[in-house]
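Architecture at a glance
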Amino acid sequence: MPKTDTRLVAIDVGSAKVGVLIVERAEIEGEQGLKVVGVGKAPNRGTLKGHIVNIDATVKSLRRATEEAETMAGTEISRAFVGVGGSDLRSANSHGTAYVDNGDRGISRADIDLVLNAARDVPLPPDREILHAIPQEFAVDDHGGIADPQGMLGSRLEAKVHLVMGHAPRTRTLVRCLNQAGVEAAEVVFEPLATAEAVLLPDERELGVLMLEIGSGTCGFAFYHQSEVQHSGVLPFGASHFTADLASVLRTSFAGAETLKLRHGCCLPGLVDGGEGVNVPTVGGGASRTIARAKLAEILQARAEEMLHLVQVEMEKAGCAEQLRGGVVLTGGGSKLAGLPELAQQFFSSDARYGVPLGLTSEIEGLTDPTWATAAGLVRYAIAAEQARLPLVRQGSVRGVRGVMGSLRQMFNDLL
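Just so you know, these numbers come straight off a predicted model, no measurement behind them.

1. Some details on the overall build of the protein
The secondary structure content of the protein amounts to twelve helices and 21 strands. Looking at the protein as a whole, 55% of its 416 residues qualify as buried. In the protein, once contacts between residues fewer than 6 apart in sequence are set aside, the share between residues at least 24 apart is 68%.

2. Remarks on unusual backbone geometry
Unlike most non-glycine residues, Asp-142 shows phi in positive territory, near 75 degrees. Its identity is not glycine, yet Ser-349 carries a phi of approximately 50 degrees, on the positive side. The residue Ser-349 is located in the loop between helix H9 (340-348) and strand S20 (352-354) in this model.

3. Description of the sheet that holds strand S10 (residues 128-140)
The four strands are arranged S9-S12-S10-S11 in an open sheet whose pairing can be described as antiparallel. Strands at the two margins of the open sheet, each flanked by one partner only, are strand S9 (90-99) and strand S11 (143-146). Looking at each pair of strands side by side, their axes are set apart by 35 degrees on average, direction ignored. Helix H3 (residues 168-180) rests against S10 and strand S12 (156-167) of the sheet, and its axis sits at about 65 degrees to S12.

4. Describing the pattern of salt bridges
Scanning the entire structure with this criterion turns up 16 salt bridges. Glu-158 is the partner of Arg-156 in a salt bridge, and the nearest nitrogen-oxygen pair spans 3.5 Å. The partner of Asp-245 in a salt bridge is Arg-303, and the shortest N-O contact between them spans 2.7 Å. Here Asp-245 is found in helix H6 (residues 239-250), whereas its partner Arg-303 is found in helix H8 (residues 293-317), with 58 residues between them in sequence.

5. Re the sheet that holds strand S19 (residues 327-331)
Spatially, the five strands line up as an open sheet ordered S16-S15-S14-S19-S20, and their pairing is mixed. Of all strands in the sheet, those bounded by a partner on one side alone are strand S16 (228-235) and S20. This sheet shows a mean twist of 20 degrees between the axes of neighbouring strands, independent of strand direction. Note: strand S14 (residues 209-214) against S19, five bridges, orientation parallel. Looking across to S19, one finds that Met-211 is bridged to Val-329. Against the sheet, H8 makes contact with S14, strand S15 (219-225) and S16, and its axis sits at roughly 140 degrees relative to S14, the strand it touches most.

6. Topic: the environment of Met-152
Position of Met-152 among the secondary structure elements: in the loop between S11 and S12. Along the sequence, Met-152 and Arg-105 sit 47 residues apart, while their C-alpha atoms lie 8.3 Å from each other.

7. Points about the nonpolar core
In terms of nonpolar packing, the biggest core is built from 43 residues, with Ile-11, Val-20, Leu-62, Val-82, Leu-193, Leu-200 and Tyr-224 touching the most fellow members. The element contributing the most residues to this core is helix H1 (residues 55-73), with five residues.

8. Considering the packing of H1 against H3
Close contact between H1 and H3 brings their axes to 9 Å; oriented N to C, the two are set at 50 degrees. When the axis of H1 is compared with that of H3, the two are oblique. The handedness of the crossing between H1 and H3 is right-handed. Touching Ile-55, Thr-58, Val-59, Leu-62 and Arg-63 of H1 are Thr-173, Cys-177, Leu-178 and Gln-180, all from H3. By residue class, the composition of the contact of H1 with H3 is five nonpolar, three polar and one charged.

9. With respect to H1
With 19 residues, H1 extends 27 Å from end C-alpha to end C-alpha; this agrees with the ideal 27 Å at 1.5 Å per step. Two residues or fewer past H1, Gly-74 is found with a positive phi of approximately 70 degrees.

10. Topic: the packing of aromatic side chains
For the structure shown, the criterion picks out two aromatic pairs. Aromatic pair Phe-347 and Phe-348: ring centres 6.4 Å apart, planes at 55 degrees, arrangement tilted. What makes Phe-347 partly exposed here is its relative accessible area of 22%. Across from the ring centre of Trp-372, 4.8 Å away, lies the NZ or CZ of Lys-17, which sits over that ring.

11. A closer look at the packing of H6 against helix H7 (residues 254-264)
Running from amino to carboxyl end, H6 crosses H7 at an angle of 115 degrees, the nearest separation of the two axes being 8 Å. One element, H6, and the other, H7, form an angle in the roughly perpendicular class. The chirality of how H6 crosses H7 is right-handed. The residues of H7 that touch H6, namely those facing Ala-239, Ser-240, Phe-242, Thr-243, Ala-244, Leu-246, Ala-247 and Leu-250, are Phe-254, Ala-257, Glu-258, Leu-260 and Lys-261. Among the residues forming the contact of H6 with H7, the class breakdown is nine nonpolar, two polar and two charged.

12. A few points about the confidence of the model for the protein
Per-residue pLDDT for the protein has a mean of 87; in total, 90% of the residues score no lower than 70. Every residue in residues 389-416 is under pLDDT 50, and counting partners more than four places away or in other chains gives 91 contacts.

Cut-off values and rules
- Residues numbered from 1 in each chain as written.
- Predicted model: local features only at pLDDT ≥ 70, side-chain atom pairs only at ≥ 80, totals over all residues.
- Heavy atoms only, no water.
- Helix = DSSP H or I, 4+ residues; strand = E, 2+ residues; numbered from the N terminus.
- Buried < 20%, exposed > 50% of the residue type's maximum accessible area, 1.4 Å probe, protein only.
- Contact = heavy atoms within 4.5 Å.
- Pairing = 2+ DSSP bridges.
- Axes fitted to C-alpha atoms, helices over the stretch in contact; angles between N-to-C directions.
- Salt bridge = Lys/Arg side-chain N within 4 Å of Asp/Glu carboxyl O.
- Core = buried A, V, L, I, M, F, W, Y, C linked by side-chain atoms within 4.5 Å.
- Parallel < 35°, antiparallel > 145°, perpendicular 65-115°, else oblique.
- Left-handed = near helix turned anticlockwise from the far one by under 90°.
- Nonpolar A, V, L, I, M, F, W, Y, C, P; charged D, E, K, R; others polar.
- Expected span 1.5 Å × (residues − 1).
- Phe/Tyr/Trp six-rings, centres within 6.5 Å; stacked < 30°, edge-to-face > 60°.
- Lys NZ or Arg CZ within 6 Å of the ring centre and 35° of its normal.
- pLDDT = per-residue confidence, 0-100.

Here's what the structure looks like:
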């Protein structure tokens, strides 16, 4: 099969699986849309808590998943947008100022580029790098809340920017694994930002919405307000921790605990029948025993509350807690645990819902499952990045900063 870049490819390297989507533009009901033509999935034993711990195992999983997607799509993958989401990634908001003097011509794209680079000029350890620098808003002579200051008259230009900083060696390791699997990394994208593009609605992003992407080994989060990301990060907790808790407390195997979680799991005891019992398999193949399903829920509730509490602390530290008016959106494979939306609603005193991938069409079953949210978001990022190939000094940003894909159109390849 010949190499081709005419189709967009997204690769989600998770702690439990590698997921691959191949998408092509297509006319759908008279309008241009995105159609999934290839899907690949393979178990991944080479990644732990978002970090690659076994290169050979990760490469093997990448090859299996890409080959499956290639076979379905009838094409060979050459380049892909890949997500990164380890718990060592950090975010911070930064501020930059530039003094401009363009007379009656007003503020230029060069001035905007200057102030954005000033905002991202922060001291970093040698092993850290800035993955994304995302404009939040501009101010001209103390007049803030400006989406695009081009052409405005003023002498002092300020910019607020959200920075995402990664561990450079780990990013290079991810790229090396892709290369060994025969794929070039078109861009490495912070997963919570990509996922948000697939599951959040414009109104939610404007009002103030918290997205939680619960994977196998990590929980990524991103908070949006006035359409732009204000805070983001990754916690070292995920769906596998729920399973490990069950295995430890109930003295059963990890496989048995996983089955219990998927079939009978709920993290809110009030939602289960107090008299209902479930069979717990014994390690070593002995006779199973029966426990109340409410006991199972109590174990899961403890871990769920710990995870939500840590996110709540992050929100409070960032000063975002009072801005949460658009609700909580739960996505990722771990979000499917029953009772989690209700528990999140109690914790944050806000509406909560499941987030499923939006904006893709396919005849392939299962792609509306939350487990595909990150890969779907990477596809939408790829579209935005393709439209933003010109440097920021030559790329318009009024629609970019405030539109549905606004946050992603200005990041990553323009400012580094």
